[in-house]
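Tertiary structure, described
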Amino acid sequence: MKNKNKSILEKSIEFFTVKDENYPLIAEYPNNIMIEVTNACNLQCKMCYHKHMRRKAGFMSENLYRKVIDKASNLGIENVGLYTTGESFLHPQIFDFIKIAKNKNIKYVYITTNGNALNEYKIKKIIDSGLDSIKFSIDSATKETYENIKIGASWDKLLNNIKLLKKLRDESNSKLKIFASFLITKGNYNDLFKYNSIFKDLIDETLFSFVDSQAGQVDANSMIPDEIKEKLNKLVGSSNETFPCGMLWHRFIVNYDGTLTICCIDFDGKLIYGDLNNSTLKECWNNKKMQNFRKIHREKKFKLLPLCCDCDFVKNDVNKDRDKAKIIKNIIKLGENI
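Every value quoted in this text rests on a predicted model; they were computed, and no experiment measured them.

Turning to the environment of Asn 22, a few remarks are in order. Mapped onto the elements of the fold, Asn 22 is located in the loop between α1 (8-15) and β1 (32-35). Spatially, the C-alpha atom of Asn 22 lies 8.0 Å from that of Arg 298, the residues being 276 residues apart in sequence.

Here it is as structure tokens:
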């Protein structure tokens, strides 16, 4: 199957599987870069560590952003994600940033958003900007559930924004892809049975997944639905084998201040290996600190690194992820037959 025809679930599973089993310390330059245009957020979701973040909130400057995109384009990077720990549509220049990347011949520019920082003006700007895909973190199918787990959010605003974006996308024949994610917790488990009846005609594809610990930063086990906890724990605990994380080989991750981290949920900058204010992407990618991070992962000495030592991703292999996907698919199918 060609990559462009694969689901977002299949692509996400493949990303964390390093193709080179030797896990080289000197790695080829990746084809993907994630840029934290801001670490500020307008919500306080129950399953997210952001509300405990100690790092000062800030916004990437246009000068630094242009430098990052220039260097990324020179390296042949084709995929740019304009988000990590914050809500990107809070950045006053986000639409300029999208256009800057597209003008540098970046093939695919994508954003994940909670959708509550959008309005009619911004939605029209999304269509005009050239953004290739947007993914809404929905995690619910009812107003009550949504506003209970996403503190500060409005269900009506989210739904109206998605409907308007879909309408304008279709009317303009835009190639924009509209995706969604649903992170399964105790608080929204029953919403799984109602989700497709609301969003199947609004969303191109939804990525369903179970709540994770965000590298040990939140207590995911307490949020796993009781209905599937035993089955899921048995699956996760069926092997003590661990695996190096694909991010150290497949992706640049840039913080809003220009520092480089190995992890997209490194809220407090604990895993920094470079600084683009005085170095380039090319100079940092295989520097001594990054090689040391890769060596630790290759030797599976995860206890030497904060976050990595408690991360769910180093404990999961492709087969487990596919088994989890089957569990979710069966749950949704069951709900549709009720």
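Its 17 residues place the ends of helix α6 (residues 155-171) 24 Å apart at the C-alpha level, agreeing with the 24 Å of an ideal helix rising 1.5 Å per residue. Among all positions of α6, only Trp 155, Leu 158, Leu 159, Asn 161, Ile 162, Leu 165, Lys 166, Leu 168 and Arg 169 are buried. Two residues or fewer past α6, Asn 173 is found with a positive phi of approximately 55°.

Right, let's talk about the pattern of salt bridges for a bit. Applying the stated rule across the entire model yields 17 salt bridges. Of the charged contacts in the structure, one is a salt bridge between Lys 102 and Asp 132, with a shortest N-O distance of 2.8 Å. With Lys 102 in helix α3 (residues 94-103) and Asp 132 in the loop between α4 (120-129) and β5 (133-137), the pair connects residues that are 30 residues apart, well separated along the chain. Here Lys 143 ties to Asp 156 by a salt bridge, and the two come within 3.3 Å at their closest N and O atoms. Of the two residues, Lys 143 sits in helix α5 (residues 143-149) while Asp 156 sits in helix α6, which places them 13 residues apart along the sequence. We classify Asp 156 as partly exposed; its relative accessible area is 40%. What you see here is one network of salt bridges that share partners, running through Lys 166, Arg 169, Asp 170 and Asp 204.

In this section: the environment of Leu 168. As for its position among the elements, Leu 168 is in helix α6. Excluding residues within four positions of it along the chain, Leu 168 makes contact with Ile 123, Lys 124 and Ile 127.

The phi dihedral of Asn 173 falls on the positive side, at around 55°, and the residue is not glycine. Following the sequence through the fold, Asn 173 ends up in the loop between α6 and β7 (177-184). Asn 173 gets classed as exposed once you look at its relative accessible area, which sits at 66%. Despite not being glycine, Gln 214 shows a phi value in the positive range, around 50°. Note that Gln 214 resides in the loop between β8 (205-210) and α8 (226-236). Using a relative accessible area of 13% as the deciding quantity, one classes Gln 214 as buried.

Here we take up the side chain of Thr 112. Looking at the element boundaries, Thr 112 is found in strand β4 (residues 108-113). Here the side chain of Thr 112 touches Lys 135 through a polar contact of 3.4 Å, side chain to side chain. Here Thr 112 is in contact with Tyr 83, Lys 135 and Ser 137, once residues within four sequence places are set aside.

Reading guide: rules and limits
Residues numbered from 1 in each chain as written. Predicted model: local features only at pLDDT ≥ 70, side-chain atom pairs only at ≥ 80, totals over all residues. Heavy atoms only, no water. Helix = DSSP H or I, 4+ residues; strand = E, 2+ residues; numbered from the N terminus. Expected span 1.5 Å × (residues − 1). Buried < 20%, exposed > 50% of the residue type's maximum accessible area, 1.4 Å probe, protein only. Salt bridge = Lys/Arg side-chain N within 4 Å of Asp/Glu carboxyl O. Contact = heavy atoms within 4.5 Å. Polar contact = N/O pair within 3.5 Å; in protein donor to acceptor, adjacent residues only side chain to side chain.

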